[in-house]
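Here's the letter readout for the chains.
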Amino acid sequence: MAVAISRDLTVQVLEDVNAVKLTDRQQALRAAIQRGEPKCLGVSQVMLGLMVMSYSIPLHVTDATEVVTLGVPWWTGLTFIVAGAVAIVLDKHCTMKTLRVCLLVSMVSTLLSVIALIIYFVDMDRNPDIVCTYGSCNQHHYAQKLSRGVKASLLIFTLAQTVISAILCCLLFKQRRSFEQYSTLSQGAPPTPITITPPDLN
């Protein structure tokens, strides 16, 4: 910190070289994160979350399987929406704190996506297609076919979400490692130069 004292004993805190470097690094962090396009990835996560939740509605008129009883489309869809919203906020308010929050939420989203994929695979394996006998198919056959088709599309959406969350995690982790050494400096740096005048003793 640079300090100047004049003859009338006024103390002026000059612009700190480290604070200037810190603001330059914060601007570099913002530019680096925006190169990764978190807003685009966030919007795609929100859209996938809405698609998963809306596509899962027909599952409630079919037989209740593991996917429906565990509510997999609902909690995965909400997780995708939250992860996307945090990524959009990161694009607007780029600080180390929001980067860490976005990284944490993206990691949770990736983990829950993998768990959902496992549940979808297990559910589709336990509930195979019902074969029509002698050319006549009952409504249970068509309901099972609808259920498997919807689950297959939900599985594809969840797989896409897993890939997007993993990509966002990798980008944010690289940026966090590059700029983490400057996160502690931002708390101690004054925002602008200040002037301190001594009290008048007369």
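Preceding this section is the structure that the text describes.
I will try to describe carefully the structure that is included in this document.

What counts, and at which threshold
Residues numbered from 1 in each chain as written. Predicted model: local features only at pLDDT ≥ 70, side-chain atom pairs only at ≥ 80, totals over all residues. Heavy atoms only, no water. Helix = DSSP H or I, 4+ residues; strand = E, 2+ residues; numbered from the N terminus. Buried < 20%, exposed > 50% of the residue type's maximum accessible area, 1.4 Å probe, protein only. Areas by Shrake-Rupley, 256 points an atom, 1.4 Å probe, with all protein chains shown as cover. Expected span 1.5 Å × (residues − 1). Arc of directions from axis to C-beta. 1 Å grid on protein atoms, 1.4 Å probe; cavity = no way out; pocket = protein on both sides within 12 Å on 5 of 7 lines; lining within 4 Å. Points joined across faces, edges and corners; volume = space filled by probe spheres on them. Nonpolar A, V, L, I, M, F, W, Y, C, P; charged D, E, K, R; others polar. Core = buried A, V, L, I, M, F, W, Y, C linked by side-chain atoms within 4.5 Å. Contact = heavy atoms within 4.5 Å. Phe/Tyr/Trp six-rings, centres within 6.5 Å; stacked < 30°, edge-to-face > 60°. Axes fitted to C-alpha atoms, helices over the stretch in contact; angles between N-to-C directions. Parallel < 35°, antiparallel > 145°, perpendicular 65-115°, else oblique. Left-handed = near helix turned anticlockwise from the far one by under 90°.

### Thoughts on the overall build of the protein
Consideration 1: Along the protein, the regular secondary structure elements total seven helices and three strands.
Consideration 2: Listing the helices and strands of the protein from first to last along the sequence gives β-β-α-α-α-α-α-α-α-β.
Consideration 3: Looking at the 202 residues of the protein, the share that counts as buried comes to 35%.
Consideration 4: Roughly 12200 Å² of accessible area belongs to the protein as shown, and the carbon and sulfur atoms make up 65% of that amount.

### Things to note about helix α2 (residues 38-55)
An α-helical turn contains 3.6 residues, so any two residues separated by three or four positions project in the same direction.
Consideration 1: For α2, which comprises 18 residues, the first-to-last C-alpha distance of 25 Å matches the rise-based estimate of 26 Å (1.5 Å per residue) to within 8%.
Consideration 2: Three or more residues of α2 are buried, namely P38, L41, G42, Q45, L48, G49, V52 and M53. An end-on view of α2 places all buried positions within 130 degrees of arc, on one side of the element.

### Observations concerning empty space enclosed by the protein
Consideration 1: Across all of its chains, the model carries one cavity of 30 Å³ or more by this definition.
Consideration 2: For the largest cavity, the calculated volume is near 40 Å³.
Consideration 3: Along its surface, the largest cavity is lined by S56, L59, H60, V67, V68, G71, P73 and W74.
Consideration 4: Put simply, the parts of the chain that give the lining of the largest cavity at least two residues each are α3 (66-70) and α4 (72-92).
Consideration 5: Along the lines of polarity and charge, the residues of the lining of the largest cavity split into five nonpolar, three polar and no charged.

### A look at the nonpolar core
Consideration 1: One finds C102, Y120 and L172 to be the most contacted residues of the largest nonpolar core, which totals 29 residues.
Consideration 2: Contributions of two or more residues to this core are made by α2, α3, α4, α5 (96-126) and α6 (139-179).
Consideration 3: Counting residues per element, this core draws most heavily on α5, which supplies nine residues.
Consideration 4: Aside from chain neighbours lying at most four places away, what touches C102 is V86, A87, L90, L168 and L172.

### Remarks on the environment of C169
Consideration 1: Looking at the secondary structure, you find C169 in helix α6.
Consideration 2: On the basis of relative accessible area, C169 is assigned to the buried category, the value being 13%.
Consideration 3: Residues C169 and S106, spaced 63 residues apart in sequence, show a C-alpha to C-alpha distance of 5.9 Å.
Consideration 4: Setting aside residues no more than four positions away along its own chain, C169 makes contact with L103, S106, M107 and T110.

### Notes on the packing of aromatic side chains
Consideration 1: Considering all chains together, one arrives at one aromatic pair under this definition.
Consideration 2: Considering the side-chain rings of Y55 and F157, the 5.1 Å spacing of their centres and the 75 degrees angle between planes classify their relative orientation as edge-to-face. In this pair, Y55 sits in helix α2 while F157 sits in helix α6, placing the two residues 102 residues apart along the sequence.
Consideration 3: The class of F157 is buried, set by a relative accessible area of 15%.

### A short note on the side chain of Q45
Consideration 1: Note that Q45 resides in helix α2.
Consideration 2: Among the residues examined, Q45 registers a relative accessible area of 0% and is labelled buried.

### Describing the side chain of K151
Consideration 1: Along the polypeptide, K151 turns up in helix α6.
Consideration 2: Excluding its chain neighbours within four sequence positions, the residues that come into contact with K151 are L59, T65, V67, Y120, D123, M124 and N127.

### Regarding the packing of α4 against α5
If you want to describe how two helices pack, look at the angle between their axes and the distance between the axes.
Consideration 1: At their nearest, the axes of α4 and α5 sit 9 Å apart, and the two run at 155 degrees to each other. Overall, the two elements α4 and α5 adopt an arrangement that is roughly antiparallel. Both α4 and α5 take part in a crossing whose hand is left-handed. Where α4 abuts α5, its residues V72, P73, W75, T76, T79, F80, V82, A83, V86, A87 and L90 lie against T98, L99, V101, C102, V105, S109, L112, S113, I115, A116, I119 and Y120.
Consideration 2: By residue class, the composition of the contact of α4 with α5 is 18 nonpolar, five polar and no charged.

As far as function goes, none of this settles anything; it's purely spatial.
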